[in-house]
Amino acid sequence: MTEGFLRYPGRRFHPLWAVDSDEAAAATYNANFGPHCRVGDIVGILQDPNIQWPEAEVVIGGPPCQGFSLLNKLRSSDPRRHLWSPFLDVVEKSRAFIFVMENVPQLLGTQECQSIISRAEEIGFRVTAAKLSAADYGVPQTRVRAFLVGSRLTNPSSVFPPPKTHFDPRMGTGDSPGYSPRAEPWNTVQKAIGDLPPPVGTEIRDTDPPLDLHFGRNPTLKSRARYRAIPEQGMNRFDLQRRAPELTPDCWIRKKSGGTDLFGRLWWDRPAFTIRTEFFKPEKGRYLHPEQHRPLTHREAARLQSFPDDFVFHGSKIEIARQIGNAVPPLLAQKLASVVDRLLERPNRRIPEPGAAATG
């Protein structure tokens, strides 16, 4: 999120303070944006009387969202569901005019989402929410996430969601309502990673980007045979079962439906599917290279998330993969920054007293 806000070509945003419970993620933040991300539990930090909270116009973030994921939809007691509350505590303590919160799309429509909106309204915000597809904003990936935008300045629904800048060429030409007048076709896997050579080695390399994170894995002979059995773009586990049943895991054979993106190859001329934290495991999703017999590399995943090559990642291979997969794509964050910029254009700003209704 911060990467996208800082690369926004309009208003200059300056980060002041950040927190993350993941030490490697905090190290990555500090390496790119300055030494003001602290490691810790936000709940404990909020209880620390020695913290000097800086005032800020904007608070952005993504409280952990696993409690809302499809895999955890029955776990209503998951404590991660409630980390939006300290997020809004930070919004209040920093006396922010605007906040942007990211989460999984399953959040919208839940009672928890209504609780978030109600709490934000109590401290003077108007809130609007929408699901955004990253591909509609130039990211070469069909990642869909929910965003809540709160403002004390005006009704944020007047500028959010932002007009789509890219369209699916299979569905039209981008001249429909909701699109920018100069909308372009979706960005593709080919455009994002097509210039990279075959990866070298299996570890992070001591070389300049992009090749530092362009390393492979050491798959088993059976895995290599499975890759070769589905050589064409777009093939997946069902094609593997049809072409090489002897190589197909029994659990896939028993599972007759669902999971069409598992063990799948990407298409050159389309965006990637959602890049998750285990993109290097093709059995977890559509993570096979369109042509080469291998899964995606860390650099390819970072590019499909729209990270520039000069962005610095810290941590182990697993920690970096987690940062890449959990990130809001920077290009999408730029569009959110444009929304915030327009909201901040409102003259004669003032912060209402807690409990007051936002005006506009």
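Structure shown above.
First things first, this report covers the structure right here in the doc. What you are looking at is a predicted structure, and each value in this text was computed from that prediction instead of being measured.

### Description of the overall build of the protein chain
On a plain count of helices and strands, the protein chain comes out with 12 helices and eight strands. Whereas a compact globule of 360 residues would reach a radius of gyration of roughly 21 Å, the protein chain reaches 22 Å, a difference of no more than 12%. If you line up the protein chain on its principal axes, its C-alpha atoms span 65 × 50 × 45 Å. In the protein chain, which comprises 360 residues, the proportion classed as buried is 52%. When the accessible surface of the protein chain is totalled, it reaches about 17400 Å², and 49% of it is carbon and sulfur.

### Describing the nonpolar core
The tendency in soluble globular proteins is for nonpolar side chains to be buried side by side. Membership of the largest hydrophobic core comes to 29 residues, with the highest contact counts inside it found for Ile-193, Ile-275, Phe-279, Leu-296, Leu-304, Phe-313 and Ile-324. Listed by contribution, the elements that provide at least two residues to this core are helix H2 (23–33), helix H6 (189–193), helix H10 (298–304) and helix H11 (317–326). Not counting the four nearest positions on each side in its chain, Ile-275 is found in contact with Gln-141, Arg-143, Tyr-287, Leu-296, Ala-301, Leu-304, Gln-305, Ile-324 and Gly-325. With 27 residues, the next largest nonpolar core counts Val-100, Tyr-137, Phe-147 and Val-339 among its residues.

### Regarding the sheet that holds strand S4 (residues 98–103)
One open sheet holds the four strands; their spatial order is S3-S4-S6-S5, and the pairing between them is mixed. Two strands close off the open sheet at either side, each with one partner strand: strand S3 (58–61) and strand S5 (126–133). Adjacent strand axes in the sheet meet at a mean angle of 15 degrees when their direction is disregarded. The pairing of S3 with S4 spans four bridges and is parallel. Paired with Val-58 across the strands is Ile-98, a residue of S4. Along the sheet face, helix H4 (residues 84–93) touches S3 and S4 and points at about 160 degrees away from the line of S4. Helix-sheet contacts for helix H5 (residues 111–122) involve S4, S5 and strand S6 (144–151), and the interaxial angle to S6 is about 20 degrees.

### Some remarks on the packing of aromatic side chains
The final tally for this structure, using the stated rule, is 14 aromatic pairs. Ring geometry for Tyr-29 against Phe-33: centres 4.9 Å apart, planes inclined by 70 degrees, an arrangement best described as edge-to-face. Residue Tyr-29 and its partner Phe-33 are both found in helix H2; the two are separated by four residues, about one turn of the helix. Neither Tyr-29 nor Phe-33 differs from the other in exposure class; each is buried. Following the ring pairs from residue to residue traces out a cluster consisting of Tyr-29, Phe-33, Phe-307, Phe-311 and Phe-313. Lying over the aromatic face of Trp-267, Arg-270 brings its terminal NZ or CZ to 3.8 Å of the ring centre. The lysine or arginine in question, Arg-286, covers the ring of Phe-273, its NZ or CZ lying 5.1 Å from the ring centre.

### Examining the packing of H4 against H5
Where H4 contacts H5, the axes come no closer than 11 Å and their chain directions differ by 15 degrees. Here H4 is positioned roughly parallel relative to H5, judged by the angle of their axes. When you trace H4 past H5, the crossing you get is right-handed. Only Glu-112, Ser-115, Ile-116, Arg-119 and Ala-120 of H5 make contact with H4, whose side of the interface consists of Trp-84, Ser-85, Leu-88, Asp-89 and Glu-92. Across the contact of H4 with H5, the residue classes tally to four nonpolar, two polar and four charged.

The rules behind each value
- Residues numbered from 1 in each chain as written.
- Predicted model: local features only at pLDDT ≥ 70, side-chain atom pairs only at ≥ 80, totals over all residues.
- Heavy atoms only, no water.
- Helix = DSSP H or I, 4+ residues; strand = E, 2+ residues; numbered from the N terminus.
- Rg over C-alpha atoms; globule rule 2.2 N^0.38 Å.
- Buried < 20%, exposed > 50% of the residue type's maximum accessible area, 1.4 Å probe, protein only.
- Areas by Shrake-Rupley, 256 points an atom, 1.4 Å probe, with all protein chains shown as cover.
- Core = buried A, V, L, I, M, F, W, Y, C linked by side-chain atoms within 4.5 Å.
- Contact = heavy atoms within 4.5 Å.
- Pairing = 2+ DSSP bridges.
- Axes fitted to C-alpha atoms, helices over the stretch in contact; angles between N-to-C directions.
- Phe/Tyr/Trp six-rings, centres within 6.5 Å; stacked < 30°, edge-to-face > 60°.
- Lys NZ or Arg CZ within 6 Å of the ring centre and 35° of its normal.
- Parallel < 35°, antiparallel > 145°, perpendicular 65-115°, else oblique.
- Left-handed = near helix turned anticlockwise from the far one by under 90°.
- Nonpolar A, V, L, I, M, F, W, Y, C, P; charged D, E, K, R; others polar.

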